[in-house]
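Listed below, chain by chain, are the residues.
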Amino acid sequence: QVQLVESGGGLVQAGGSLRLSCAASGRTFSSYAMGWFRQAPGKEREFVSTISATGGTTYYADSVKGRFTISRDNAKNTLYLQMNSLKPEDTAVYYCAARRNINPSVALAQYDYWGQGTQVTVSS
């Protein structure tokens, strides 16, 4: 029932920055932990970052620690991913996801709702 729509993807040079947004429908957004995942061509979808329902707890994949920041604005029903110091290996389709639980999770299977994704391409 929850609809998720990602935006903000695009083409950037290595070392550049991009901010992804995920707009969520529904009155229960503030009760859902959220996550960002990505999938490169020929690869499995992988965990990027997750955040608790209140925003108080966050986790990051080792590959993005120190470069990416996840945040949320519950008043706007929006999830964000600030991506800095981008590398070509960050190139992928990025998906936001929601789970009917206040606690974050790194596991794809624990998410109930998914967006359609937004393409991020990092050139060298």
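All of the points below concern the structure found in this document.

Rules behind the numbers
Residue numbers restart at each chain and count upward from 1, following the sequence in its written direction. Residues qualify for local features only when their pLDDT is at least 70, as the model is predicted, and side-chain atom pairs are given and counted only at 80 or more; totals for whole chains, interfaces and linings, by contrast, use all residues. With hydrogens and water set aside, each side-chain value is computed from the structure's full complement of heavy atoms. Here, a strand pair is defined by DSSP locating no fewer than two bridges between the strands. A run of DSSP states H or I qualifies as a helix once it reaches four residues; a run of E qualifies as a strand once it reaches two. Both are numbered from the N-terminal end. Fitted lines through C-alpha atoms serve as axes, helices being fitted only where they are in contact, and the angles separating the N-to-C directions of these axes extend from 0 to 180 degrees. Buried residues are those whose accessible area, probed at 1.4 Å on protein chains only, stays under 20% of the maximum for their type, while exposed residues exceed 50% and partly exposed ones sit between those limits. Aromatic rings from Phe, Tyr and Trp, with only the six-membered ring used for Trp, were paired whenever their centres fell within 6.5 Å, and each pair was classed as stacked if the ring planes differed by under 30 degrees, edge-to-face if by over 60, and tilted otherwise. Only when the NZ atom of a Lys or the CZ atom of an Arg is both within 6 Å of the ring centre and within 35 degrees of the ring normal do we say a charge sits over the ring. The criterion used for residue contact is that any of the two residues' heavy atoms lie within 4.5 Å. By convention in these notes, a salt bridge is any Lys or Arg side-chain nitrogen within 4 Å of a carboxyl oxygen on Asp or Glu.

1. Thoughts on the sheet that holds strand S1 (residues 4–7)
Part 1: Pairing is antiparallel in the open sheet, where four strands are placed in the order S1-S3-S8-S7. With one partner strand each, in any of the chains shown, S1 and strand S7 (68–73) form the two edges of the open sheet. The sheet shows a mean angle of 15° between the axes of neighbouring strands, taken without regard to direction.
Part 2: Note that S1 and strand S3 (residues 18–24) share four bridges and pair antiparallel. What sits directly across from Glu6, in S3, is Cys22.

2. Quick word on the pairing of strand S5 (residues 46–51)
Consecutive side chains along a regular strand alternate between the two faces of the sheet.
Part 1: Across the six residues that make up S5, a large majority, five, are buried.
Part 2: One ladder, built from five bridges, connects strand S4 (residues 33–39) with S5; its direction is antiparallel. By the bridge assignment for S5, Phe37 is matched with Phe47.
Part 3: Counted between consecutive antiparallel strands, the loop separating S4 from S5 contains six residues, among which Gly42 sits at a positive phi close to 75°.
Part 4: Looking at chain direction, S5 and strand S6 (residues 58–60) are connected through three bridges and run antiparallel. Each bridged residue has a counterpart across the sheet, and for Thr50 the counterpart in S6 is Tyr59.
Part 5: Counted between consecutive antiparallel strands, the loop separating S5 from S6 contains six residues, among which Gly55 sits at a positive phi close to 90°.

3. What about unusual backbone geometry?
Part 1: With phi around 55°, Asn77 is a residue other than glycine that occupies positive phi space.
Part 2: Along the polypeptide, Asn77 turns up in the loop between S7 and strand S8 (78–83).

4. Quick word on the packing of aromatic side chains
Part 1: Considering all chains together, one arrives at five aromatic pairs under this definition.
Part 2: Look at Phe37 and Trp114: their rings are 5.0 Å apart centre to centre, the planes differ by 50°, and that puts the pair in the tilted class. Taken together, the residues Phe37 in strand S4 and Trp114 in strand S10 (residues 113–114) connect sequence positions 77 residues apart.
Part 3: The class for Phe37 is buried, based on a relative accessible area of 0%.
Part 4: Taken together, the ring pairs connect Phe37, Phe47, Tyr111 and Trp114 into an aromatic cluster.
Part 5: A cation sits over an aromatic face here: Arg45 above Tyr95, 3.6 Å from the ring centre.
Part 6: Here the basic side chain of Arg72 rests over the ring of Phe29, its NZ or CZ set 4.4 Å away from the ring centre.

5. Description of the side chain of Ser21
Part 1: Within the secondary structure, Ser21 is located in strand S3.
Part 2: What Ser21 contacts, discounting residues up to four positions off in sequence, is Val5, Glu6, Ser7, Trp36, Thr78, Leu79 and Tyr80.

6. Some points on the pattern of salt bridges
Part 1: Throughout the structure, instances matching the rule amount to five salt bridges.
Part 2: The salt bridge partner of Asp90 is Arg38, with a shortest N-O separation of 2.9 Å. Taken as a pair, Asp90 in the loop between S8 and strand S9 (92–99) and Arg38 in strand S4 lie far apart in primary sequence, 52 residues in all.
Part 3: Residue classification places Asp90 among the buried positions, given a relative accessible area of 0%.
Part 4: Judged by its relative accessible area of 6%, Arg38 falls in the buried class.
Part 5: Residue Asp112 pairs with Arg100 through a salt bridge whose shortest N-O separation is 3.7 Å. With a gap of 12 residues between them, Asp112 in the loop between S9 and S10 and Arg100 in the loop between S9 and S10 connect regions that are remote in the sequence.
Part 6: Taken together, the salt bridges that share partners define one network made up of Arg38, Glu46, Arg67 and Asp90.

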